[in-house]
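# Chains, contacts and geometry: an overview
In case you want the letters, here they are:
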Amino acid sequence: MRISIQSLGCPKNFVDSEVICGYLLEKKYTLTNEIENADVAIINTCSFIQPAVEESIDAILQTARLKKEGKLKYIIVAGCLSQRYKQQDLIESLPEVDAFIGVDEISKIDKIIEKLDTVNLNSAIFQVNPKPCFIYDEKSPRFLLTPRHYTYLKIAEGCNNGCTYCLIPHIKGRYRSRTIESVLTEVQNLTADYPLKEIILVAEDTTYYGMDLYGKLALSELLQKMVKLPWDEEQRIRILYTHPAHYDDYLIETIAQNPIICPYLDIPLQHISNNVLKRMNRKICQKDILKLIKKLRDRIHGLTIRSTFIVGFPGETDDDFQQLYDFIKEYRLEKVGVFPFYNEAECPASRLSEHVPESIKKARLDKLMRLQQEISLELQIAKIGKEKRVLIDEVSEKNKKILLGRSCSEAPEIDGNITVLKGDYRDVGKWVDVKIINAHPYNLVGEKICK
Ligand code: SF4
């Protein structure tokens, strides 16, 4: 049977989609990226906030239309939508779906398809462990869906932090690290099989890595062992999803002293006012956040900090928002995303008092994004005339001599990119030297330097 897969949501879900593809190929199924030619459509869903739920349901309904037209035999819904909602609600509201599977079932995907094709079912299959405990490892088959020169590496699953606005612990379960040996083996397997130039470490909280398994924060130990692997000078390690409360000096020194680790840190801070940080249960206060940023900038040369913030959290006063506004203005973080608080019923935050009206949420979000756009443009303009190493991701559809890439300062998908003129389509997957000639708030333009 021919299988198509749609992967929604975050890079952690994306890795699950790659593992699903790995198991399917191992069982001799054929993958197709043309859903019209598929017999089975798998939709690996996301559901941590309402917009993600809507996007997942839209994808399911669009796929259901193909099934109604007889172009598809089965629809399987995997991932966070299956994990978040009750069996009855899902089966009644999405009758076109033949199977709902959870995080723990991805290694059994072939059995699910077999069952669909052999058993005359009068109701959709619903196989979801409410307390998921699965995490893939180096023995799990995996088929990379990213361009062949970069990959995500999931070092742990789940989360124990319990931020009051977040559903992920409820959806993905308790934090579970892979062993250091498992991660190192997978790195060696992947770099042997693919011309990788960038390996991106992901988890719900990469800085909490090892606490469950080794009783201590062990990301630095993992990195220390990773940097000793046989890398060539063209390969880079990038770290996403760190938590500001889980940094220590050993980790900062490990990042500062190893040029193979991109001087780029994704640190979702969410807010800066102590009143809001406390209500969010972020386990860190304003003073410690400011100290951390100062230490990181002092120790890590050329550091790019990416962060995200939530506005309109219950109880956020004008003064709380002003503190956030002043912080963003003064600390001038390189990459910033701002989101309105989403009142998800299952979250403790939904039971907090003093919910902020949508109009005020919107006004605060717009005000912060306008400020950040100015800051981002100023920071980008300062790069004009500078030379940068750029990893070429793709050729522009319009012109083969125009390439799109990223430096260490841009992560795939979430940050802008660099348009490279006078390039060569054979540069895809390679680092090239580029002189920056123009800047926009989120993107740069440069010319390839022919040495
Ligand atoms: S650390 Fe991230 S994933 Fe974990 S509860 Fe907080 S927001 Fe959710």
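Residues numbered from 1 in each chain as written. Predicted model: local features only at pLDDT ≥ 70, side-chain atom pairs only at ≥ 80, totals over all residues. Heavy atoms only, no water.

### Description of the domain arrangement of the protein chain
- By the assigned domains, the protein chain splits into domain 1 (2-127), domain 2 (150-381) and domain 3 (387-448).
- Computed from C-alpha atoms alone, the centre-to-centre distance between domain 1 and domain 2 is 29 Å.
- In this complex, domain 1 contributes 16 residues to the contact, which on the side of domain 2 involves 16 residues.
- The junction of domain 1 with domain 2 conceals about 1,500 Å² of combined surface from both sides, 61% of it contributed by carbon and sulfur atoms.
- Between Asp16 and Lys172 there is a salt bridge, with the nearest N and O atoms lying 3.7 Å from each other.
- Counting the contacts that link domain 1 with domain 2 gives 7 residue pairs in polar contact (both at pLDDT 80 or more).
- Broken down by element, the side of domain 1 that touches domain 2 gets its largest block of residues, 6 residues, from helix H1 (residues 11-26).
- Here the residues of the side of domain 1 that touches domain 2 are counted per class, giving 9 nonpolar, 4 polar and 3 charged. (Domains from an automatic or database assignment. Contact = heavy atoms within 4.5 Å. Buried area = accessible area lost by both parts, 1.4 Å probe. Salt bridge = Lys/Arg side-chain N within 4 Å of Asp/Glu carboxyl O. Polar contact = N/O pair within 3.5 Å; in protein donor to acceptor, adjacent residues only side chain to side chain. Helix = DSSP H or I, 4+ residues; strand = E, 2+ residues; numbered from the N terminus. Nonpolar A, V, L, I, M, F, W, Y, C, P; charged D, E, K, R; others polar.)

### Observations regarding the site of the ligand
- In the vicinity of the ligand, the residues found are Cys159, Asn161, Gly162, Cys163, Tyr165, Cys166, Ile168, Pro169, Glu204, His243 and Arg282.
- One can see that the ligand is located within the largest pocket. (Near = heavy atom within 4 Å. 1 Å grid on protein atoms, 1.4 Å probe; cavity = no way out; pocket = protein on both sides within 12 Å on 5 of 7 lines; lining within 4 Å. Sits in = over half its atoms within 2 Å of the grid points.)

### Topic: the nonpolar core
- Ile76, Leu201, Leu223 and Phe327 are the most contacted members of the largest nonpolar core, which totals 95 residues.
- No other element matches helix H13 (residues 318-331), which puts 6 residues into this core.
- Among all residues touching Leu201, those that are not within four sequence positions of it are Leu153, Ile155, Thr206, Leu219, Leu223, Met226, Ile237, Arg238, Ile239 and Leu240.
- Ranked by size, the runner-up nonpolar core spans 20 residues in total, among them Leu8, Val53, Val97 and Phe100. (Core = buried A, V, L, I, M, F, W, Y, C linked by side-chain atoms within 4.5 Å. Buried < 20%, exposed > 50% of the residue type's maximum accessible area, 1.4 Å probe, protein only.)

### What to know about empty space enclosed by the protein
- Following the criterion strictly, the structure yields 1 cavity of 30 Å³ or more and no others.
- Considered as a void within the structure, the largest cavity measures approximately 30 Å³ in volume.
- Surrounding the largest cavity, Asp16, Val103, Ile106, Phe134, Ile135, Tyr136, Lys154 and Glu157 form its lining.
- By residue class, the composition of the lining of the largest cavity is 5 nonpolar, no polar and 3 charged. (Points joined across faces, edges and corners; volume = space filled by probe spheres on them.)

### Observations regarding the packing of aromatic side chains
- Summed over all chains, the structure comprises 9 aromatic pairs.
- Its guanidinium or amino end placed over the ring of Tyr136, Arg178 lies 4.4 Å from that ring's centre, counting from NZ or CZ.
- Here the basic side chain of Arg236 rests over the ring of Trp431, its NZ or CZ set 5.8 Å away from the ring centre. (Phe/Tyr/Trp six-rings, centres within 6.5 Å; stacked < 30°, edge-to-face > 60°. Lys NZ or Arg CZ within 6 Å of the ring centre and 35° of its normal.)

### As for the sheet that holds strand E19 (residues 444-448)
- Overall, mixed pairing links the 5 strands, which are arranged E15-E16-E17-E19-E18 in a closed barrel. Direction aside, the axes of adjacent strands within the sheet are offset by 50° on average. (Pairing = 2+ DSSP bridges. Axes fitted to C-alpha atoms, helices over the stretch in contact; angles between N-to-C directions.)

### Considering the pairing of strand E13 (residues 304-311)
- Burial runs high along E13: 8 of the 8 residues are buried.
- Covered by surrounding structure in E13 are Thr304, Arg306, Thr308 and Ile310 together with Ile305, Ser307, Phe309 and Val311, the residues of both alternating faces.
- For strand E12 (residues 261-266) and E13, the ladder comprises 3 bridges, and the chain directions are parallel. Note that in E13 the partner of Tyr264 across the bridge is Thr304.
- In terms of strand pairing, E13 meets strand E14 (residues 335-340) through 6 bridges, oriented parallel. Opposite Val311, over in E14, you have Pro340 as the bridge partner.
- Each parallel crossover has a hand, and the one from E13 via H13 to E14 is right-handed. (Right-handed = clockwise from strand over helix to strand, strands pointing away.)

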